[in-house]
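Now for the letters of each chain:
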Amino acid sequence: MTAASTTTRCYNLGPLRQVPPGEGRVFRVGRSSVAVFRARDGKAYATQALCPHRAGPLADGIIGAGKVVCPLHGEKFDLVTGQSLGNRCPPLEIYPALVDDGGDIIVSLPNHQR
Amino acid sequence: MQNKRRLVVIGNGMAGGRLVEEVLARGGGGLFEIVVFGDDPDGNYNRILLSGVLAGTNQPQDILINAPTWYAEKGVKLHSGVRVGWIDRLARKIYAPGEIVEPYDTLVIATGSTPIVPSIKGLYGDLGSFREGIHVFRTLGDCEGIIRCAANGRRAAVIGGGLQGLEAACGLMSRGLEVHVVHLTSHLMETQVDPTAGAMLQRALEQRGVQIHLEKATATVLGDDRVSGLAFEDGSTLGCDLVVIAAGTRPSVDLAKQAGLTVQRGIVVHDDLSCRNDPDICAIGDCAEHRGRTFGLVGPAWEQARVLADRLTGANPQATYRESKVSTRLKVMGVDLTLIGDSDSCREGDEVVTYIEPSRGVYVKLIVREGLLAGATLLGDGLLSPRLLQIFRRGQPVPQSRAELLFPVTEDAGSPNLADLPADAHVCNCNGVSKGAIMEAVKAGHRTLKGLCEATRAGTGCGSCKPQVKALLELASEGTLADDPTVQYYVPGVPMTKRKLVMAVKEKELRSVSAVLEALGGGTDDPDSKAALASLLRTVWGEEYEDERDARHINDRVHANIQKDGTFSVVPRIYGGVATPTQLRRIADVAERYQVPMVKITGGQRIALLGIPKEELPAVWRDLGMPSGHAYTKAFRTCKTCVGADFCRYGLGDSLTLGVKIERRLQGIESPHKMKLACSGCPRNCAEATTKDVGAVAVEGGKWEVFVGGSAGSRVRKGDILCVAQSHDEVLNYVRRFIQYYRENAKYQERTYDFVERIGIQELRRLLVEDAEGICDGLDAEITAIADVYADPWQEADAPVHPNQFAGVLAGVE
Ligand code: SRM
Ligand SMILES: Cc1cc2nc3c(=O)[nH]c(=O)nc-3n(C[C@H](O)[C@H](O)[C@H](O)COP(=O)(O)OP(=O)(O)OC[C@H]3O[C@@H](n4cnc5c(N)ncnc54)[C@H](O)[C@@H]3O)c2cc1C
Ligand code: SF4
Ligand code: FES
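Residues numbered from 1 in each chain as written. Chains lettered and ligands numbered in written order. Predicted model: local features only at pLDDT ≥ 70, side-chain atom pairs only at ≥ 80, totals over all residues. Heavy atoms only, no water.

### With respect to the site of ligand 2
Residue and element names in this part refer to chain B. Quick reminder of the rule: Nearness is defined per residue: one heavy atom within 4 Å of the molecule or strand is enough. We call two N or O atoms a polar contact when they sit within 3.5 Å, provided that within protein one can donate a hydrogen and the other can accept it, with sequence-adjacent residues counted only if both atoms are side-chain atoms. Using a 1.4 Å probe, accessible areas were evaluated by the Shrake-Rupley method; residue-level cover was limited to the displayed protein chains. Going along the chain from the N terminus, every DSSP run of H or I of four or more residues is numbered as a helix, and every run of E of two or more is numbered as a strand.
Around ligand 2 sit 31 residues in total, of which Ala15, Arg138, Asp286, Val298 and Lys331 are the nearest. Interatomic distance of 2.8 Å between a side-chain N/O atom of arginine 138 and an oxygen atom of ligand 2. In this structure, aspartate 286 approaches ligand 2 through a main-chain N or O atom, which is 2.8 Å from an oxygen atom. Expressed as a share of its isolated accessible area of 990 Å², the protein-covered part of ligand 2 is 94%. Put simply, the parts of the chain that give the shell around ligand 2 at least two residues each are helix H1 (14-25), strand E2 (32-38) and helix H5 (163-174). Sort the elements by how many residues they give to the shell around ligand 2 and H1 lands first, with three residues.

Quick look at the structure:
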């Protein structure tokens, strides 16, 4: 990955078990919100909370195979690249996320995000 | 790298927008710097569907074609909301307000057309704009203005009885206004149809409630600051508070005229679409005049965009535009009018064939010229049009016996056989998409209707061809594409038909969605397969199903229907629509306590509380103390009833008790799609039982007719009679049996109206009434077992499956 021009900061959002397996939840970080997903294989993903189409709550979507389906109109997004799979929407902002050794969700957000 | 040439497009409507798409699709982004001017601040949208927006069947957002962000992404510079003021052909520059100057190498004019406003007194206010309550109908802005005005209006007058006027009138009807169409000549649509067809059309519209006034010339719009009515030249008047002017359009050519281009009715173009006296300027769409004709239709506009893109990008430098074979339809629900080619005989030797069936309101007129179909008017019978359109488009010789055009002897006259259509036959007339192109796209992997439409563009214009596209998708899955079986898979992520899948699931004892995807889906947890698999596994395993909440749609995770702003609706069960005062009081209390934004009596005879945040759902349910109405899921929904024999003076049977019994017994049973039932106490059918998934209607002699496969949603279909039952219990038995058979055999999201048609009512009677295969006992036992273990999902208010099941936003970090 190339170095981004904006600086980023890591946040610990607490234990992964707050999110049921295979689902997503919205977390508040400062004044903004982030959708965090817990894939069935244990991986964590993070994206902007609302979809770019009609502000659908992405954390309420079905996920699988590294994609999330927006609950409002079924638009599908890649959780790694943020691309809309039908190319009908602008891409999602995606944030690097991982689960640390203690089982906590760590998300790294650009600084302007706060 | 060489400097790119500059391509400037004036007009971001249906032709201009499409041209940019077509140019980009041919790699034009690498050849041209593209600049687009669009006067309309709402951008590039599907103008045809404005009729739908007015009628409320389309939302303004849904008709958007390309958003401003799309242009940015594609590197196209868009001047949105900017009206070009001047073309300087010598300097080859475009001028617009705000000191915008854009040089061009090639210029495309696609300025469309402008509504004609007849000279009527009192149209304009002091500032020179229309007075309040007066509108034309061309842009989204116009449309929104009309809708706003209609919200407080009672009576509307539409000036002009042409296609757009009639569509506007019907749109206003569906907004609940009293609508009057005022037309200048002696019959409707006089330039397109003859007096007989005009009169029959008028009758069809009058039956829908539109009032029509012929031979009326409007002289003055009455009223002081607001419109109060119209005064006509014959001295009569008509009171109204809304006026829509739909008196035709004329090509927008002012800019071209000013620039000294050759203009007659439209901007005159050659077959290569360049202007007669300037090869660097082209014109397409409504504003162009080709071989003496202007069109005002989207088909030719899009065809021209394709041809021009071929030429400009060099994809096909020889491409030329030849006359379009035009056709159009009146887009009014319940009135079928298709116009193909010429409307009347206009050359010597033309032969006119007419067929009229007054009782059904059918009128067909064919123009045969030199053995070919030159035109047709089809009113009241939509089934004929696909075949005639095909004969017209392909220039097929007309049979010696002209009657065969109307009553084909070889095939079923009712349904034009898609399977027999040749590959080059047009299916989508708006976009000129052939059957072959659609079949190819299915083969290439587009296996959903939506995906297929997007890939081929079929169905993205007026949308009227969607049923045929859907039928082709199905056709491609069954016969000709047998080597491509994926279309028959129950879900995209598991390569099996529903039958095979059920067998495998049982054999391998796969009880959860993740187990199925692991064992049969190659280990990929395909998000598009999860909800459908969950539905199937619940039917197969019942109580033994291992529920995984992530396989469910949000509605089924929180037992409420998600709404546009992410809040939810709560619809408690009210058995048979019968409520006690206590329940009503409780609902009222909850509505006040939680400041519910909207309390609404639903179309399903119960009450919805709308706009509840997710985190408040458990408390709302608890305080209601009523079970879930399952208004959010694919399951048994309601059983509507009428008051029936106990109260109604016509009642023959106790529909109320029967409905409540059915609802109590079947509440919450999940199924491939939702199931809505009803019981009516006599054939007056006040509960609309004949258009429900399952319905019972009491008839003389204490009997009940049991209907299945009815619907009055996106499709209207009268249900078929499954049987006549002798008692409440017998009705209940057949209802249950049918439902279980539907649960086991329908495709995911297949409503009963499609299911019953697919299986056939004869077959259903054979299986479920005559028990010819001996399956009835099994079905009855199965559904009894399911119904016996019914539990109200709203009990999860007190026993959530996960502590954060109803969580809104989780506190992360400050
Ligand atoms: C609330 C209600 C409208 C109302 O204000 O009265 C309603 C609301 C919705 N209907 Fe409906 N329908 C409602 C009665 C109907 C009826 C009339 C009836 O039930 O007797 C029909 C026609 C009968 C039918 O089902 O076909 C109806 C045909 C539809 C359809 C078209 C189904 C079809 O295949 O033709 C949909 C779309 C779908 O299911 O895919 C739909 C979908 C919807 C959804 C769920 C859209 C969605 O997915 O969000 C709406 C939810 C709004 C919300 O915010 O919760 N609704 N809808 C009615 C609730 C009835 C109830 O008490 O449960
Ligand atoms: C209610 C309604 C229903 C219809 N139904 C059908 C139907 O069922 N079937 C069918 O085939 N056709 C239908 N039509 C006609 C169809 O919409 C037109 O044929 C089609 O839009 C033509 O495309 P166009 O690009 O030439 O014109 P338009 O779509 O009108 O686009 C022209 C654009 O140019 C812009 N413009 C004009 N002058 C300037 C300027 N000086 N500077 C910058 N921008 C400018 C305008 O703002 C406009 O956006 C319908 C039209 C209406 C209004
Ligand atoms: S309630 Fe039904 S008809 Fe009304 S907008 Fe929603 S889906 Fe459409
Ligand atoms: S015919 Fe209009 S969209 Fe296909």
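### Side note on the pattern of salt bridges
All names here are of chain B. What counts, and what does not: For salt bridges, the criterion is a side-chain nitrogen of Lys or Arg within 4 Å of an Asp or Glu carboxyl oxygen. Under the scheme applied here, a residue whose accessible area is under 20% of the maximum for its type counts as buried, over 50% as exposed, and between as partly exposed, the area being computed with a 1.4 Å probe on protein chains only.
The tally for this structure, following the rule as stated, stands at 53 salt bridges over all chains. Salt-bridge contacts for arginine 369 lead to aspartate 342; the nearest nitrogen and oxygen are separated by 2.8 Å. With arginine 369 in strand E27 (residues 362-369) and aspartate 342 in the loop between strand E25 (337-341) and strand E26 (351-357), the pair connects residues that are 27 residues apart, well separated along the chain. For arginine 369, a relative accessible area of 12% puts it in the buried group. Of the charged contacts, one joins arginine 369 and aspartate 350 as a salt bridge, the two residues approaching to 2.9 Å between their closest N and O atoms. Separated by 19 residues along the polypeptide, arginine 369 in strand E27 and aspartate 350 in the loop between E25 and E26 bring together distant segments of the chain. Of the two residues, arginine 369 and aspartate 350, neither departs from the other in class, the shared state being buried.

### With respect to the interface of chain A and chain B
Using the following cut-off: Whether two residues are in contact is decided by their heavy atoms: any pair within 4.5 Å suffices. Take the accessible area each of two parts loses on contact, using a 1.4 Å probe, and add the two losses: that sum is the buried area.
Of the residues lining the interface, 35 residues belong to chain A; the matching set on chain B comes to 38 residues. Between chain A and chain B, the buried area comes to about 2,800 Å², and carbon and sulfur atoms account for 50% of it. A per-residue breakdown of the area chain A buries against chain B is headed by A:Arg40, A:Asp60 and A:Ile62, which together make up 22% of the total. The tally of links from chain A across to chain B stands at six salt bridges. Linking B:Arg557 and A:Glu23 is a salt bridge whose minimum nitrogen-to-oxygen distance equals 3.8 Å. Viewed at the interface, chain B and chain A are joined by 12 residue pairs in polar contact (both at pLDDT 80 or more).

### Considering the sheet that holds strand E7 (residues 76-78) of chain A
All names here are of chain A. Formally: At least two DSSP bridges between two strands are needed for those strands to be called paired. All axes here are fitted lines through C-alpha atoms, helices being fitted over the stretch that makes contact, and every angle between N-to-C directions spans 0 to 180 degrees.
Strand order in this open sheet of three strands is E5-E6-E7, and the pairing throughout is antiparallel. Taken across any chain shown, the strands that pair with only one partner, and hence form the sheet edges, are strand E5 (62-64) and E7. Put simply, the sheet's adjacent strands are angled 20° from each other on average, direction ignored. In this structure, E5 lies alongside strand E6 (residues 67-69), joined through three bridges in antiparallel fashion.

### Considerations on the packing of helix H20 (residues 655-666) of chain B against helix H21 (residues 728-745) of chain B
A pair of packed helices is captured by two measures, namely the crossing angle of their axes and the spacing between those axes. All names here are of chain B. To keep things clear, this is the line we draw: An angle below 35 degrees is read as roughly parallel, one above 145 as roughly antiparallel, one from 65 to 115 as roughly perpendicular, and any other as oblique. Note: crossing handedness is left-handed where the near helix turns anticlockwise from the far helix by less than a right angle, and right-handed where it turns clockwise. Residue polarity is assigned by list, with Asp, Glu, Lys and Arg as charged and Ala, Val, Leu, Ile, Met, Phe, Trp, Tyr, Cys and Pro as nonpolar; anything else, Gly included, falls into the polar class.
Two numbers describe how H20 lies on H21: the axes approach to 11 Å, and their chain directions differ by 40°. As judged from the angle between their axes, H20 and H21 are oblique. Read as a crossing pair, H20 and H21 show a hand that is right-handed. Seen from H20, the contacting residues are Thr657, Leu658, Lys661, Ile662, Arg665 and Leu666; seen from H21, they are His728, Asp729, Val731, Leu732, Val735, Arg736 and Ile739. Each residue belonging to the contact of H20 with H21 can be placed in one class, and the counts come to seven nonpolar, two polar and four charged.

### Considerations on the layout of surface pockets
Residues and elements named next belong to chain B. How we decide: A 1.4 Å probe that fits into a set of points on a 1 Å grid over the protein atoms alone but cannot get out defines a cavity; an open set with protein on both sides within 12 Å along at least five of seven lines defines a pocket, and lining residues are those with an atom within 4 Å of a point. Grid points are joined across faces, edges and corners, and a volume is the space filled by probe spheres set on the points.
One number sums up the size of the second largest pocket: a volume of about 700 Å³. As for the second largest pocket, its lining consists of 25 residues, of which Arg538, Glu543, Arg552, Glu670 and Ala791 are closest to the centre. For the lining of the second largest pocket, the per-class residue count stands at eight nonpolar, seven polar and 10 charged.

### Some words on the sheet that holds strand E36 (residues 675-680) of chain B
The strands that make up a sheet pair up through hydrogen bonds in the backbone, lying either parallel or antiparallel. Residue and element names in this part refer to chain B. The strand order E35-E36-E37-E38-E41 describes an open sheet built from five strands, whose pairing is mixed. Single-partner strands in this sheet number two, and they are strand E35 (636-641) and strand E41 (720-725). For this sheet, the mean angle separating the axes of adjacent strands, direction not counted, is 20°. Here five bridges tie E35 to E36, and the two strands are oriented parallel to one another.

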